[in-house]
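# Coordinate inspection notes
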Amino acid sequence: MDPASMSLLLDMIVKGVGVAKEIQRLARRIQVGEVISLEEIRAEQTKVNSSVAAWDNIAGIEAAVKEDAKEVADPNGENN
Amino acid sequence: MIEWIQANYVACFAVVGAVYAAARTIVLLTPTPKDNAALDKVGIILRTLAKAFGLTLQQGVTTGKLKKAPITPIVLLLILSTFLISCRSEVQQNPRAELLVAQKTFIVVVDILVEMQALNKFKQETTNRLTVLIHEGQEYLARWMLAIEAGEDQPCLGDSVNNVIRQLVLIQLTKGGN
């Protein structure tokens, strides 16, 4: 396995384990009756937007492709 | 940490292999069959792990030549997605938690795609398809968040996000080796 693929593989392991732990912690918080705040959800959505921006950046995405996707997800433009 | 593992994973397996060989000898000397059976199970797991990295457990005690590692990120994605789906079931019935899990899962899947794209794992056609799906997922998550903020539970948006994540993983599984 070349070093780049090895690095990707290890990073995937780290990320996979990391998110699984986060979800387990979340499950425990719910079990003890904790309420998830809207701020936490908004903060996570900001991370979603950052990840998508990183994808657009590396994939060299043009605006037209993004608009196509928005059209599929939100055909009536309700979210604009 | 990653760099260290990358540089030393063969040595790590060598240590594990040596410990396993020593344990094997000890349990064979003991009269009870229970420890033999237990070590057999451990051996199966270790052999599977070692094989995934193109090694054998015997490399812990010999100097055999490394085989080409057969594992690909695709296999790991399959394991990861299966694990995430199993974790998700614990937080269902709580709309906010379900949204948070979907966001976290989506982030990991997209981050992995970013790294695969950096390694030129996808053809242009696949990249475009992934882009449409990623933006669909982002839109669905944004709408789901607005619904939650408005105090509405919209399971159909959750289904849409999960469908997008499934499709992203499926493309990773089928096209990632291109």
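The rules behind each value
Residues numbered from 1 in each chain as written. Chains lettered and ligands numbered in written order. Predicted model: local features only at pLDDT ≥ 70, side-chain atom pairs only at ≥ 80, totals over all residues. Heavy atoms only, no water. Helix = DSSP H or I, 4+ residues; strand = E, 2+ residues; numbered from the N terminus. Buried < 20%, exposed > 50% of the residue type's maximum accessible area, 1.4 Å probe, protein only. Areas by Shrake-Rupley, 256 points an atom, 1.4 Å probe, with all protein chains shown as cover. Contact = heavy atoms within 4.5 Å. Salt bridge = Lys/Arg side-chain N within 4 Å of Asp/Glu carboxyl O. Core = buried A, V, L, I, M, F, W, Y, C linked by side-chain atoms within 4.5 Å. Axes fitted to C-alpha atoms, helices over the stretch in contact; angles between N-to-C directions. Parallel < 35°, antiparallel > 145°, perpendicular 65-115°, else oblique. Left-handed = near helix turned anticlockwise from the far one by under 90°. Expected span 1.5 Å × (residues − 1). pLDDT = per-residue confidence, 0-100.

### Re the overall build of chain A
In terms of helices and strands, chain A carries 3 helices and 0 strands. Evaluated residue by residue, chain A yields a buried proportion of 36% over its 80 residues. Carbon and sulfur atoms provide 51% of the accessible area of chain A, an area that totals close to 4,400 Å².

### Examining the overall build of chain B
Broken down by element type, chain B carries 6 helices and 0 strands. When contacts within chain B are restricted to residue pairs at least 6 apart in sequence, long-range pairs at least 24 apart make up 61% of them. Summed over all atoms, the accessible surface of chain B reaches about 9,400 Å², with 63% contributed by carbon and sulfur.

### Describing the pattern of salt bridges
Tallying each qualifying case throughout the model produces 8 salt bridges over all chains. For Arg42 of chain A, the salt bridge goes to Glu149 of chain B, with nearest N and O atoms at 2.5 Å. Here Arg42 of chain A is found in helix H2 (residues 38–59), whereas its partner Glu149 of chain B is found in helix H5 (residues 124–149) on a different chain. We classify Arg42 of chain A as partly exposed; its relative accessible area is 36%.

### Looking at unusual backbone geometry
Most peptide bonds take the trans configuration, and most residues that are not glycine carry a negative phi. Residues and elements named next belong to chain B. A positive phi is found at Asn120, a non-glycine position, where the angle reads about 55°. Following the sequence through the fold, Asn120 ends up in the loop between helix H4 (95–118) and H5. Residue class for Asn120 comes out exposed when judged on its relative accessible area of 62%.

### A word on the nonpolar core
Trp55 of chain A together with Phe106, Leu113, Ile134, Leu141, Trp144 and Leu168 of chain B are the most contacted members of the largest nonpolar core, which totals 43 residues. Breaking this core down by element, the ones donating at least two residues are helix H1 (3–31) and H2 of chain A together with H4, H5 and helix H6 (155–175) of chain B. Per-element accounting of this core gives the leading share, 14 residues, to H4 of chain B.

### Considerations on the packing of H4 of chain B against H5 of chain B
All names here are of chain B. The interhelical angle for the contact between H4 and H5, taken along N-to-C directions, is 160°, at an axis separation of 11 Å. Taken together, the axis directions place H4 and H5 in an arrangement best described as roughly antiparallel. The crossing of H4 and H5 is left-handed. Taken together, the residues of H5 that come into contact with H4 (itself represented by Pro95, Arg96, Glu98, Leu99, Ala102, Gln103, Phe106, Val110, Leu113 and Gln117) are Thr127, Leu130, Ile134, Gly137, Gln138, Leu141, Trp144, Met145 and Ile148.

### Considering H5 of chain B
An α-helical segment advances 3.6 residues per turn. Residues three or four places apart therefore align on the same side. Counted at 1.5 Å a residue, the expected span for H5 of chain B with its 26 residues is 38 Å, and the 37 Å between its end C-alpha atoms agrees. With respect to burial, H5 of chain B is a largely interior element, 19 of its 26 residues being buried.

### What about H4 of chain B?
All names here are of chain B. In this model, H4 (24 residues) spans 34 Å end to end at C-alpha, consistent with the 34 Å of a helix rising 1.5 Å per residue. Burial runs high along H4: 19 of the 24 residues are buried. Two residues or fewer after H4 comes Asn120, characterised by a positive phi angle close to 55°.

### Re the confidence of the model for chain B
Residue and element names in this part refer to chain B. Mean pLDDT over chain B works out to 71, with 47% of the residues at or above the 70 mark. By mean pLDDT, the top-scoring element of chain B is H5 (93), and the lowest-scoring one is helix H1 (residues 2–29) (55). Residue range residues 60–71 is modelled with pLDDT below 50. Its contacts to residues more than four positions away, or to other chains, number 26 contacts. Both confidence scores are given for the complex: pTM 0.63, ipTM 0.78.

### Brief notes about the environment of Val132 of chain B
Position of Val132 of chain B among the secondary structure elements: in helix H5. It is 9.9 Å that separates the C-alpha atoms of Val132 of chain B and Val164 of chain B, two residues lying 32 residues apart in sequence.

### Concerning the packing of H2 of chain A against H5 of chain B
Following both chains from N to C, one finds H2 of chain A and H5 of chain B inclined at 165°, their axes separated by 11 Å at the closest point. When the interaxial angle is binned, H2 of chain A and H5 of chain B end up roughly antiparallel. The two elements H2 of chain A and H5 of chain B cross, and the hand of that crossing is left-handed. When H2 of chain A is examined against H5 of chain B, the residues Leu38, Ile41, Arg42, Gln45, Val48, Asn49, Val52, Trp55, Asp56 and Ala59 of chain A are found in contact with a partner set consisting of Thr127, Leu130, Thr131, Ile134, His135, Gln138, Leu141, Ala142, Met145, Ile148 and Glu149 of chain B.

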